[in-house]
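# What the coordinates show
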Amino acid sequence: MQLNALKRSSALGAAAAVFGLSASTPLDAQVADVAVRTTFFHEPSSTSKMTVLNPALRVGVRPAEWLGLEAGYEADIVTGASESIKGGALAAVDVVSSATSFTETRHAARFGFDVTRDAARLAAAYAYGTESDYRSHSISVSAATDFLQKNTTLELSYARGFDEVCTSAFGVSDAPSIRLPLDASSGCFSDDEDRAAREVSLDSFQAGWTQAWTPVLVTQAVVTAGLQHGFLENPYRAVVLAPAGDQALENHPDNRARAALALGGRYYVRPVKTAFGLRLRGYRDTWDILSLTAEASGEYYVFPWLRLLIRGRYYAQSGALFWSDDYTGGEPATGPRGQYWSGDRELSPLRSYLVGGRVLAVWQGSETRVAGMFTRLSLGVSLDLMQTDLKDFTWAGRSPDDTRAIVLSPSLNGDF
């Protein structure tokens, strides 16, 4: 909260400088840029509320015209409560766990560089994240090129993640039905004999094509693919497997392949000074989840330096092949679905709706610097409201009440 208050203070100070000071410093080429933002996510609930604060800082410098360097830091500060047992509504024993309160903090640092030559750009980055029960290393590379008078951009990227997740110390040969969930993160990544570290590998691929057809029409097509391998369960979540109340750590396949195609475009209508956007995305994975996302937006240019954006999004997905709301029942509508079971509602059939907006102010220096400091300064704040419709996910037959979320994100960006 102190960092958030500091960032609000900095933003107000910068805005006061813009409106109250005379800029007289000559404008030179950009050599550095700084971006700070905070995202506040809140799920109100009477039983399992969740709050996430995500402050982030990025600094970039360009020691030469062809070379850029950047470093960044972000944190996820999570507080809330969640149920740890996915009970079965048909079980003879009513297993409805009370929500367990928790606090968790994740720290992540990122370092990268890019090399630009004429119309081509090559970039690479390394990131490291750590929290009490999870560690991650990732590397990424990307290449992009512009041609046809810079109206066409093609980009390819690849990222590889090397992660570790802490679990209870069950043996690899132990039957999944007798594996127990983790009760706490204490003792993780140590010599504690009740803890073990499981590997997770992540491969992500992306190809993008951006095309400016006219001065007012731009389209984009993006293809993404991913491979996940390793421990893909939540180490804290158990699922009731028998009417008598027997339970075990949720059990997911060790491999998951994913692919998606997104198509979008923006068209600027000069008479109303508004850029209208539309984006569609289709997704499928080897767990048999299919999803569709449709998003529409309109950004009104109130002044050359002030923009107001309004957006709406609809998302719908099918459930995983092995999903069931109650693994204690019979086939096929409920009950076991082969050798896997899950308490993750993100693997169930669902729909979600989002409405939101953003206010963005951008000041661009011309012959002099903005506030005597910046070649470019932007201040923004966005607010989104999201509602999730869970078609058949329950806690032992009881519908969850944490299906609404509020997302607030202020940001400040300055180029020097």
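### What about the pairing of strand β16 (residues 306–317)?
Within a regular strand, the side chains alternate between the two sheet faces. Bridge analysis of strand β15 (residues 290–303) against β16 gives 12 bridges, and the strand direction is antiparallel. Its bridge partner lying in β16, Ala296 is registered against Gly312. Taking the residues between adjacent antiparallel strands as the criterion, β15 and β16 are bridged by 2 residues. As defined by bridge partners, β16 adjoins strand β17 (residues 350–364) across 12 bridges and the pair is classed as antiparallel. Bridging across to β17, Ile310 finds its partner in Gly357.

### Looking at the environment of Val165
Along the chain, the position of Val165 falls in strand β8 (residues 152–168). Take Val165: its relative accessible area is 5%, and that puts it in the buried class. Taking C-alpha positions, Val165 is 6.6 Å from Arg135, a pair spaced 30 residues apart along the chain. Contacts of Val165, omitting those with residues within four sequence positions, involve Asp133, Tyr134, Phe189, Ala196, Ala197, Arg198, Val200, Phe231 and Pro235.

### Focus on unusual backbone geometry
Trans is the common state for peptide bonds, and a negative phi is the common state for residues other than glycine. Residues other than glycine seldom take positive phi values, yet Lys273 does so here, at roughly 50 degrees. Locating Lys273 in the fold gives a position in the loop between β13 (255–269) and β14 (274–285). Located in the positive-phi region is Asp288, a residue other than glycine, with phi close to 70 degrees. Relative to the helices and strands, Asp288 is located in the loop between β14 and β15.

### Quick look at the sheet that holds strand β4 (residues 85–86)
Here 3 strands make up an open sheet; going across it, the order is β4-β11-β12 and the pairing mixed. Both edges of this open sheet fall to β4 and β12 (247–249), since each of them pairs with a single strand only. As paired strands, β4 and strand β11 (residues 238–240) are joined by 2 bridges and run parallel to one another. When the bridges of β11 are listed, Lys86 appears paired with Val239.

What counts as what
Residues numbered from 1 in each chain as written. Predicted model: local features only at pLDDT ≥ 70, side-chain atom pairs only at ≥ 80, totals over all residues. Heavy atoms only, no water. Pairing = 2+ DSSP bridges. Helix = DSSP H or I, 4+ residues; strand = E, 2+ residues; numbered from the N terminus. Buried < 20%, exposed > 50% of the residue type's maximum accessible area, 1.4 Å probe, protein only. Contact = heavy atoms within 4.5 Å.

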